[in-house]
Amino acid sequence: MTAPLALVTGGQQGIGLGIARALAAKGFRLAIASLPGPDDGAVSAAMAELDAEARYYRHDLADLGAIPALLDRIEAAQGPVDTLVLNAGVAARVRGDMLDLTPENLDWILRINLSGGLFLAQEVARRMLARSVGAYRSITFVTSVSARMASPERADYCISKAAASMAAQALALRLAPHGIGVFELRPGIIETGMTEAVKDKYTARIADGLVPENRWGQPADIGAVMVPIATGEMRFATGAVIPVDGGLSIARL
């Protein structure tokens, strides 16, 4: 039997690479899609590390019209997608007073963090439904604890993640009768390139007890949780929202 194919957006670095590594270790074939060109340093390093069958596809999440062509390319080269991991996203363009938030910056982040993932998931779901069942199929939205925990200085980011969370819930209901699982992972403070600029700030806050596990999260922590989702061990938990944050989002007195 052909090993199942996982499409991971943003799988060349950070959380996405942690997920890609974990899935590859479980025998998944990999399709990685992201914005940088194939000669980008992170892309080259990731593809050299991952299984020889892994392939990279350049794709701009903001270009909604390019989604069918992306999936056509993947299917022609590797076959249909069994597992979709919507990991790629962007941080707020500007951190600051939300009273200064501009429509342009909100529209930009929603286009990538919400629409780009939602409409890719929509097209993947359509194609999953159009073919007979083979391997277990799933779609996972990687959002953030910021889907529930507000940060006024980056309200646009929080709004985009909260909206993606609802997209996951709605899609879970739509696909449950067809045995296709939909999940949401909410990473907490994870040590990646995206958090490098605030590393000193959060290291101090973690030391002061912000994260009950008293450490930074690692991309491998997210990958470890992704594996049972992709293999179908959690299929009856479709629609689950899973915090992967060391206890950060637990309400405390």
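The structure reproduced in this document is the subject of the present report. (Residues numbered from 1 in each chain as written. Predicted model: local features only at pLDDT ≥ 70, side-chain atom pairs only at ≥ 80, totals over all residues. Heavy atoms only, no water.)

## Some remarks on the sheet that holds strand β2 (residues 29-34)
Quick reminder of the rule: For two strands to count as paired, DSSP must find a minimum of two bridges between them. Only runs of H or I of at least four residues qualify as helices and only runs of E of at least two qualify as strands under DSSP, and these elements are numbered from the N terminus. Interaxial angles span 0 to 180 degrees and are taken between N-to-C directions of axes, which are lines fitted to C-alpha atoms, for helices over the stretch in contact.
Pairing within the open sheet is parallel, and its seven strands lie in the order β3-β2-β1-β4-β5-β6-β7. Looking at strand neighbours, the two that pair on one side only are β3 (55-58) and β7 (241-244), the edges of this open sheet. Taken pair by pair, the neighbouring strands of this sheet meet at an average axis angle of 20°, ignoring direction. Here strand β5 (residues 138-142) pairs with strand β6 (residues 181-187) via five bridges, running parallel.

## A short note on the environment of Thr140
Selection rule: We call two residues contacting when some pair of their heavy atoms lies within 4.5 Å.
Relative to the assigned elements, Thr140 resides in strand β5. In this structure, the C-alpha to C-alpha distance between Thr140 and Val8, residues 132 residues apart in sequence, is 9.6 Å. With residues up to four places along the chain from it excluded, the contact list for Thr140 reads Leu84, Val85, Leu86, Phe183, Leu185, Met226 and Ile229.

## Some remarks on helix α3 (residues 67-78)
Stated precisely, the cut-off is as follows: What a helix should span is 1.5 Å times the count of its residues minus one.
In this model, α3 (12 residues) spans 16 Å end to end at C-alpha, consistent with the 16 Å of a helix rising 1.5 Å per residue. Where α3 is buried, its residues touch β1 (5-9), β2, β3 and α4 (103-130). Downstream of α3 by one or two residues, Gly79 has phi in the positive range, about 100°.

## Observations regarding the environment of Thr102
For clarity, the cut-off: The cut-offs for exposure are 20% and 50% of the maximum accessible area for each residue type, with area from a 1.4 Å probe on protein chains only; residues under the lower value are buried, those over the upper are exposed, and the others partly exposed.
Within the secondary structure, Thr102 sits in the loop between β4 (83-86) and α4. Take Thr102: its relative accessible area is 29%, and that puts it in the partly exposed class. Sequence separation between Thr102 and Gly27 is 75 residues, and the spatial gap between their C-alpha atoms is 45 Å.

## Let's talk about unusual backbone geometry
Despite not being glycine, Asn214 has its phi angle at roughly 65°, a positive value. Mapping Asn214 onto the fold places it in the loop between α6 (199-207) and α7 (219-231).

## Things to note about the layout of surface pockets
Operational definition: A cavity here means a set of points on a 1 Å grid, drawn over the protein atoms and nothing else, where a 1.4 Å probe fits but cannot get out; a pocket is an open set with protein on both sides within 12 Å along at least five of seven lines, and a residue lines either one if it has an atom within 4 Å of a point. Grid points are joined across faces, edges and corners, and a volume is the space filled by probe spheres set on the points. Each residue gets one of three labels, nonpolar for Ala, Val, Leu, Ile, Met, Phe, Trp, Tyr, Cys and Pro, charged for Asp, Glu, Lys and Arg, and polar for the others, Gly among them.
Taken as a whole, the largest pocket spans an internal volume of roughly 1100 Å³. Forming the walls of the largest pocket are 50 residues, and the residues nearest its centre are Ala91, Tyr157, Thr192, Met194 and Thr195. Listing elements by their share of the lining of the largest pocket, those giving two or more residues are α1 (14-25), β2, α4, α5 (155-175) and α6. For the lining of the largest pocket, the element with the most residues is α6, which contributes three residues. In the lining of the largest pocket, the residues fall into 25 nonpolar, 18 polar and seven charged. Quantified by volume, the second largest pocket comes out at close to 180 Å³. Each residue belonging to the lining of the second largest pocket can be placed in one class, and the counts come to five nonpolar, two polar and three charged.

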